[in-house]
Amino acid sequence: MSAAFFWLAASTGLLSLLTPCVFPMVPVTIAYFSTPHRTDARGLQRAFLFALGIIGTFTVLGLALAAIFGAAGLNQFAANPWVNLLLAALFVAFAANLFGWFEIGVPWRVSTAADRAVRGTTPGSSLGALLMGAAFTLTSVTCTAPFVGTLLVLASQGSWTTPIAGMLVYSTAFALPFFILAAAPGLVSHLPRAGEWMKTLRVLIGLLEIGAAIKFVSNADLVLGWGIFTRNVLLIAWSALAIAGAAYLARNARARIRRRELGWETVVGIATALLFAGWLVSGVNEQRRLRQIEAFLPPGVIGPPEGTRGTATSWLLNDYAGALTSARATQKLVFVDFTGYTCTNCRWMEANIFTRPDVSMELGQFVLARLYTDGEGEIYERQQAFQEKTFGTVALPLYAVVDADGKVRGTFSGLTRSPSDFIAFLRRARS
């Protein structure tokens, strides 16, 4: 589990608070178990239990996912093309909901049961606060599900504990403001009121969800081998969504100009969206990598970066036996890259570490084997089983150096932002 994953979990938890079915409910929810002008130990206890109800509900989801699938099953689950297509369809539905085309609600049986459980407790009681937190989590699912779904898919690329840890961090970030506001109810009056800005935010978040849906379709494309939703297609599609966001903000700006209400934040938003669109397009059909987002893009056919000509390396794909044979013939060691079609950390390493001239030079000293472990079919299951049996983990990415007889010379697990550490690993393995 990397710091970047925890940062993403916390960030999405806080971003979820700004969604249309969460933010307007903050004052109402706080008022359920706090008094406006008084804070005591019992009030703090209820605030803590309310936050605990939120954290517990989300964390149970991560625990259930880990228990049902296990570490190996989670990798297969995340890469399953039909799961990715289902997630894409859900994201499109959630986006349509935010656009106001139709309403998605929690099934009435669930909401009724949650409401009955809360009402069945003594008002202001500890149990009532705890159940209120759980009920609030369930009723906000139409806005939080896209964030949670994305996080759980990313978490599936680690150990079985990663979904639990991810949900714990996400839900803690989501619940923390509720605890603070419940502990100090007077702060609620300083929150901005839900108004026109909330409607604008609904549309912008909807566009983000369309972008996520395209990404999930691309995951399915990679596994099924369609070759349609390529790196360039994603960049163009995301750029079009950014332009659509700028156009929507510009349309709102015209109305605000007539009312003499145009603020600087609208102008900044339009400029940011257009600059982002231009930056995305700059990565299409060029010898250029957009390093900040390359991890979320499918692998592209891109030449070596400037200054690395002559050091480009070739990979044997899903052919470990062939790599060992080549190692015997060339008297080299084998560098094994255990990777996955939907592994974002794998893509980040490939785009930002492997392409560096110094790292590429070191990799050129090895026979290179890339083994995918999350596809559909017997070969992927066999390669995942080999990784687990030999190295005791199915987490991705995992890098190993073995000799021509398959004897392990060294391993390097996970993402690193330090090229020197990765080079040191390669040199130690060769010494």
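None of the values given here were measured: they were computed from a predicted structure.

### Topic: the overall build of the chain
Okay, step 1: Each helix and strand in the chain was counted, giving 16 helices and five strands.
Okay, step 2: Buried positions account for 49% of the 431 residues belonging to the chain.
Okay, step 3: Of the contacts made within the chain by residues no fewer than 6 positions apart, 75% connect residues no fewer than 24 positions apart.
Okay, step 4: Carbon and sulfur atoms make up 64% of the accessible area of the chain, which amounts to about 20,500 Å² in all.

### Some remarks on the state of the cysteines
Okay, step 1: The final tally for this structure, using the stated rule, is one disulfide.
Okay, step 2: There is a disulfide in this structure between Cys-343 and Cys-346, and the S-S distance comes to 2.2 Å. Between Cys-343 and Cys-346 the disulfide shows an S-S torsion of about 80°. By sign, it is right-handed. A single burial state applies to Cys-343 and to Cys-346, both of which are buried.

### What to know about the nonpolar core
Okay, step 1: In this structure, Phe-50, Ile-54, Phe-58, Phe-136, Tyr-170, Phe-174 and Phe-178 are the most contacted members of the largest nonpolar core, which totals 21 residues.
Okay, step 2: Counting residues in hydrophobic clusters, the runner-up holds 19 residues, among them Ala-295, Phe-354, Leu-368 and Phe-422.

### Things to note about unusual backbone geometry
Okay, step 1: Cis rather than trans, the peptide bond between Leu-396 and Pro-397 has omega equal to -5°.
Okay, step 2: Counting through the fold element by element, Pro-397 comes out in the loop between α15 (378–391) and β4 (398–402).
Okay, step 3: Not every positive phi belongs to a glycine, and Asn-318 is a case in point at roughly 55°.
Okay, step 4: Mapped onto the elements of the fold, Asn-318 is located in the loop between β1 (316–317) and α12 (320–330).
Okay, step 5: The backbone of Gln-331 shows a phi angle near 60°, a positive value even though the residue is not glycine.
Okay, step 6: Here Gln-331 lies in the loop between α12 and β2 (334–339).

### Focus on the sheet that holds β4
Okay, step 1: Strand order across the open sheet formed by five strands is β1-β3-β2-β4-β5, with mixed pairing between neighbours. Edge strands, defined here as strands with exactly one partner in the open sheet, are β1 and β5 (408–413).
Okay, step 2: Relative to strand β3 (residues 367–372), β1 runs parallel, the two being bridged by two bridges. Following the sheet pairing, Leu-317 is matched in β3 by Arg-370.
Okay, step 3: Those strands touched by α12 are β1, β2, β3 and β4, and its axis lies near 175° from that of β3.

### Comments concerning the packing of helix α4 (residues 81–99) against helix α9 (residues 196–224)
Okay, step 1: One can describe the packing of α4 onto α9 by two numbers: an axis separation of 8 Å at closest approach and a directional angle of 165°. As summarised for this structure, α4 and α9 are arranged roughly antiparallel, according to the angle between their axes. The chirality of how α4 crosses α9 is left-handed.
Okay, step 2: Residues of the contact of α4 with α9, tallied by class, amount to 22 nonpolar, four polar and two charged.

### Brief notes about the pattern of salt bridges
Okay, step 1: For the coordinates displayed, the defined rule picks out seven salt bridges.
Okay, step 2: The salt bridge involving Arg-370 is made with Asp-337; its shortest N-O contact spans 2.9 Å. Of this pair, Arg-370 sits in strand β3 while Asp-337 sits in strand β2, placing them 33 residues apart in sequence.
Okay, step 3: Of the charged contacts in the structure, one is a salt bridge between Asp-358 and Arg-356, with a shortest N-O distance of 3.2 Å.
Okay, step 4: By relative accessible area, Arg-356 is classed as partly exposed at 32%.
Okay, step 5: Through salt bridges with shared partners, one network takes in Glu-362, Arg-427 and Arg-430.

Cut-off values and rules
Residues numbered from 1 in each chain as written. Predicted model: local features only at pLDDT ≥ 70, side-chain atom pairs only at ≥ 80, totals over all residues. Heavy atoms only, no water. Helix = DSSP H or I, 4+ residues; strand = E, 2+ residues; numbered from the N terminus. Buried < 20%, exposed > 50% of the residue type's maximum accessible area, 1.4 Å probe, protein only. Contact = heavy atoms within 4.5 Å. Areas by Shrake-Rupley, 256 points an atom, 1.4 Å probe, with all protein chains shown as cover. Disulfide = S-S within 2.5 Å. Core = buried A, V, L, I, M, F, W, Y, C linked by side-chain atoms within 4.5 Å. Pairing = 2+ DSSP bridges. Axes fitted to C-alpha atoms, helices over the stretch in contact; angles between N-to-C directions. Parallel < 35°, antiparallel > 145°, perpendicular 65-115°, else oblique. Left-handed = near helix turned anticlockwise from the far one by under 90°. Nonpolar A, V, L, I, M, F, W, Y, C, P; charged D, E, K, R; others polar. Salt bridge = Lys/Arg side-chain N within 4 Å of Asp/Glu carboxyl O.

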